[in-house]
Each structure stands twice: as structure tokens, then as C-alpha cells.
Amino acid sequence: MHHNETSRLTADRAGIARAAELLRAGELVAFPTETVYGLGGDARNGRAVAAIYAAKGRPSFNPLIAHVADVETASRYVIWTEAADKLASAFWPGPLTLVLPLREGHGISELVTAGLDTLAVRVPAHPLAQALLAAFGGPVAAPSANPSGRISPTTAAHVHAGLDGRIAAVLDGGSCGVGLESTIIGLNGNPALLRPGGLAAEEIEAVLGQPLTRHATGDAVSAPGQLLSHYAPRGAVRMGASAAQGNEVLLGFGPMACDENLSPTGDLTEAAANLFAALHRLDATGRPIAVAPVPEHGLGAAINDRLRRAAAPRDS
Ligand code: TXA
Ligand code: MG
């Protein structure tokens with residue numbers, strides 16, 4: 001699918017109707033969620049899903065998340081469980097993705113699941129995402145709307161910068177509030193943390209009443225297709241820095257002198273919301289990036305996960 005230009009749809013009734021119509025026609029539409037912008041296509045349409053992989057330049061073994069309007073729509077595609085119900089009641093709509101066994105006759109393209117017998121489902125909280133999913137009525141496969149391996153988009157301008165001419169439209173909803181991708185929990189077995197994200201693992205454990213299975217830090221693949229080098233700016237990234245060296249620009253956390261500060265007050269929620277936009281701005285300088293230490297608890301676990309990927313060797 002080739003588009004000379006990606007149209008910008010406004011956050012109103014007409015923009016939402018047009019976006020739903022494009023999805024029905026098998027076209028790709030980027031849309032805001034509370035975490036990051038998603039690159040959406042009809043999850044039942046193999047050609048649309050193939051076009052998502054092509055637009056992102058993404059390795060095709062990486063399965064995608066199906067976004068749905070509500071639990072009822074989700075349970076058309078996956079086998080719903082008691083644990084799923086607990087978590088959905090507590091956190092949906094919101095930055096939480098659940099991996100559950102596929103249902104018989106689900107109709108989801110194999111390109112979404114990459115041949116697995118499970119499906120990742122999520123009900124996003126952003127009002128525009130909700131309106132689009134309600135108007136569309138089906139499952140929307142949507143990875144983050146950036147070229148594969150690059151920094152995730154938290155504004156429509158980021159989407160344009162990365163994918164202009166490769167997708168039909170972007171629904172413009174301003175900047176994303178959470179700023180980090182959803183937390184992914186595997187529920188086809190003992191509840192497992194597959195990807196730290198915008199909902200702190202501690203909050204999920206409190207609702208489940210049991211600890212999540214976790215993979216050792218440094219495990220390259222906790223969710224299938226979680227590539228080690230990801231979110232990569234053009235210049236090198238050095239973590240745990242107390243000051244910039246040589247040509248570096250400094251990404252700070254807490255009260256300190258730096259080029260960009262994730263949160264001058266040391267607030268992890270604010271830092272999560274600022275992370276990708278700050279990396280985009282520092283990336284634009286073309287200089288290597290030094291990053292101050294960020295604590296590992298709460299949303300800090302997800303922030304450090306993204307930073308470690310940004311800092312990882314690029315040829316892995
Ligand atoms: O916040 C988000 O989750 C964003 C917004 C757009 O909703 N989406 C997102 O999608 O981050 P994506 O495609 O970038 O990440 C999907 C992740 C991958 O790491 C993939 O490995 C994992 O979900 N995943 C998908 N299906 C899975 C499955 N059946 N089992 C285990 N992991 C799965
Ligand atoms: Mg992504």
C-alpha cells in the first residue's frame with residue numbers, strides 16, 4: 001500500500017468516522033492511546049496486518065496487541081478467565097495488556113499472533129481510542145506507530161516524522177498521558193510479567209494477591225519478539241551517568257543541571273510521560289546521550305527497561 005501523503009484527522013466526530021471507515025477498508029490509521037500512538041489495522045484482515053509490518057519495517061516474528069472496546073469484545077477472541085476478570089475490572093480501560101489463549105473460531109489473522117496459540121488484548125483508556133474502537137466494532141492490531149527499533153511516538157508529529165507517506169492517516173489527539181507502552185501480563189499459566197510498562201507491576205500483584213513470575217534482568221526476550229536493541233536514538237546511549245562527558249547531552253532525573261529533565265522533582269509518573277518526547281528532542285541533536293540513574297521501583301522498572309534497550313548494542 002502506497003500513500004503519497006498521510007492525512008491528519010482531527011479529534012472530532014468526522015475524524016473518528018473517517019478513521020473507522022479507513023480501518024474497514026483495510027487501510028492503516030495511527031491513533032492516540034494513553035500510552036503511545038498505535039499504528040492500527042483490522043486484526044482480522046491479513047493484508048492490513050501485513051501492511052503494518054511493512055510500514056514499520058518490523059521483523060515478522062513479533063506478535064501484535066489486539067485493541068478492543070471492552071471485555072465483551074475481547075472475549076469473542078480469547079478464553080476469558082477469573083484472573084483476567086480481576087485485572088480487567090481493576091485496570092481496564094488502561095495501560096494493561098493481557099495474554100490469553102485464543103478461542104476456537106477467533107478469526108484473528110495469524111500475522112497478529114505470529115502463529116502463537118495466545119492473543120494479547122488490551123482496552124485502551126484514551127477517549128479517542130475508545131471512540132474509534134466503538135465506531136469500528138472489531139479488534140484493531142496496533143504496535144507503537146514508529147519505524148521498527150526507533151523511539152516510540154507520543155505525539156501525532158512524532159508519527160508523521162517516522163511514517164509519513166507509509167500510512168493512510170493519523171488521528172491527532174495531542175500528547176499521550178502515560179508515555180510508556182502498556183504492561184503485558186501472561187495469563188496462560190502462572191501470571192507472568194512479560195513486559196514492564198505504564199502500570200506498575202506492584203499494583204497488579206496487589207490485585208492478584210500473588211507475585212508475578214518475572215524473568216531475570218538482562219533476559220533479551222521476555223515477551224516473544226521483544227528485541228534487545230529497541231527505542232534506539234541515532235547516537236549512543238550511556239546509562240547511570242552523573243554528568244555529561246565530551247560531546248554528550250545529559251538526560252536528567254531529579255534536581256540537577258542537564259539538557260532535558262525527565263522530572264525535576266523525581267516523580268516517576270511524570271518521568272514516564274516525558275521519556276520518549278525527551279529522547280526524541282535529544283536524538284534531534286545527533287549527539288550521544290548520557291542518562292542519569294532512575295530508581296528501579298514502580299514505573300521506574302519500565303523506564304529503565306526502555307533505557308536499557310535504547311542503550312543496547314544495535315546489531316543484535
Ligand atoms: O501500549 C501499548 O501496548 C502500545 C499501544 C499502541 O497500545 N502497543 C504496543 O504494541 O506496544 P507493540 O506491538 O509494540 O508491542 C507488543 C508486545 C510485543 O513485545 C510482543 O512480543 C508482545 O506484545 N506480545 C504480543 N502478542 C503476544 C503473545 N501472544 N504472547 C506474548 N507476548 C505477546
Ligand atoms: Mg513498539
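Residues numbered from 1 in each chain as written. Chains lettered and ligands numbered in written order. Predicted model: local features only at pLDDT ≥ 70, side-chain atom pairs only at ≥ 80, totals over all residues. Heavy atoms only, no water.

Enquirer: Any details on the packing of helix α1 (residues 13–24) against helix α6 (residues 127–136)? Residues and values, ideally.
Expert: Two elements in contact, α1 and α6, have axes whose closest approach is 9 Å; the angle formed by their N-to-C orientations is 50°. Of the possible angle classes, the one that applies to α1 and α6 is oblique. The two elements α1 and α6 cross, and the hand of that crossing is right-handed. Residues I16, A19, A20, L23 and R24 of α1 lie in contact with α6, whose contacting residues are L128, A131, L132, A135 and F136. (Axes fitted to C-alpha atoms, helices over the stretch in contact; angles between N-to-C directions. Helix = DSSP H or I, 4+ residues; strand = E, 2+ residues; numbered from the N terminus. Parallel < 35°, antiparallel > 145°, perpendicular 65-115°, else oblique. Left-handed = near helix turned anticlockwise from the far one by under 90°. Contact = heavy atoms within 4.5 Å.)

Enquirer: Before we move on, could you go through helix α4 (residues 82–91) and cite the residues and values that matter?
Expert: Every buried residue of α4 is accounted for by A84, L87, A88 and F91. The buried residues of α4 occupy an angular sector of 100° when the element is viewed end-on, so they sit on one face. Turned more than 90 degrees off the buried face of α4, the exposed positions are E82 and S89. Contacts made by the buried residues of α4 are with α3 (71–74), β5 (96–101), β9 (183–186) and α8 (201–208). (Buried < 20%, exposed > 50% of the residue type's maximum accessible area, 1.4 Å probe, protein only. Arc of directions from axis to C-beta.)

Enquirer: Can you explain the sheet that holds strand β14 (residues 289–291)? Please cite residues and give values.
Expert: As a general point, the strands of a sheet are linked pairwise by backbone hydrogen bonds and lie either parallel or antiparallel. The strand order β11-β14-β12-β13 describes an open sheet built from four strands, whose pairing is parallel. Each having just a single partner strand, β11 (237–238) and β13 (260–261) make up the two edges of the open sheet. Here strand β12 (residues 249–252) runs beside β13; their pairing, made up of two bridges, is parallel. Its bridge partner being in β13, G252 is matched across the sheet by N261. (Pairing = 2+ DSSP bridges.)

Enquirer: Explain unusual backbone geometry to me, using residue names and the numbers behind them.
Expert: The omega torsion of the bond from W92 to P93 falls at -10°, within 30 degrees of zero and hence cis. Secondary-structure assignment places P93 in the loop between α4 and β5. Phi angles above zero are rare outside glycine, and A114 is one such case at about 55°.

Enquirer: Can you break down the domain arrangement of the chain residue by residue, with the values?
Expert: Once the domains are mapped, the chain shows domain 1 (7–214) and domain 2 (237–311). Using C-alpha coordinates to define each centre, domain 1 is positioned 26 Å away from domain 2. Counting the surface lost from both domain 1 and domain 2, the interface buries some 1,300 Å², and carbon and sulfur atoms represent 63% of this. Taken together, the links from domain 1 to domain 2 amount to two salt bridges. Residue D283 pairs with R150 through a salt bridge whose shortest N-O separation is 3.7 Å. Summed over the shared surface of domain 1 and domain 2, the result is five residue pairs in polar contact (both at pLDDT 80 or more). (Domains from an automatic or database assignment. Buried area = accessible area lost by both parts, 1.4 Å probe. Salt bridge = Lys/Arg side-chain N within 4 Å of Asp/Glu carboxyl O. Polar contact = N/O pair within 3.5 Å; in protein donor to acceptor, adjacent residues only side chain to side chain.)

Enquirer: Run through the sheet that holds strand β8 (residues 169–171), naming residues and quoting values.
Expert: Taken in spatial order, the 10 strands line up as β1-β8-β2-β3-β7-β4-β6-β5-β9-β10 in an open sheet, and their pairing is mixed. The strands lining the two open edges of the sheet, one partner per strand, are β1 (7–9) and β10 (192–195). Bridge count for β5 against strand β6 (residues 118–122) is four bridges, and the pairing is antiparallel. Considered in β6, the bridge of P101 is made with T118.

Enquirer: Which residues make up the packing of helix α9 (residues 268–284) against helix α10 (residues 300–311), and what values go with them?
Expert: Closest axis-to-axis distance for the α9/α10 pair is 9 Å, and the angle between their directions is 25°. Comparing the axis directions of α9 and α10 gives the class roughly parallel. Taken as a pair, α9 and α10 cross one another with a handedness that is left-handed. Contacts between α9 and α10 involve L268, A271, A272, L275 and F276 on the former and, on the latter, G300, I303, R306 and L307. Classifying every residue of the contact of α9 with α10 gives seven nonpolar, one polar and one charged. (Nonpolar A, V, L, I, M, F, W, Y, C, P; charged D, E, K, R; others polar.)

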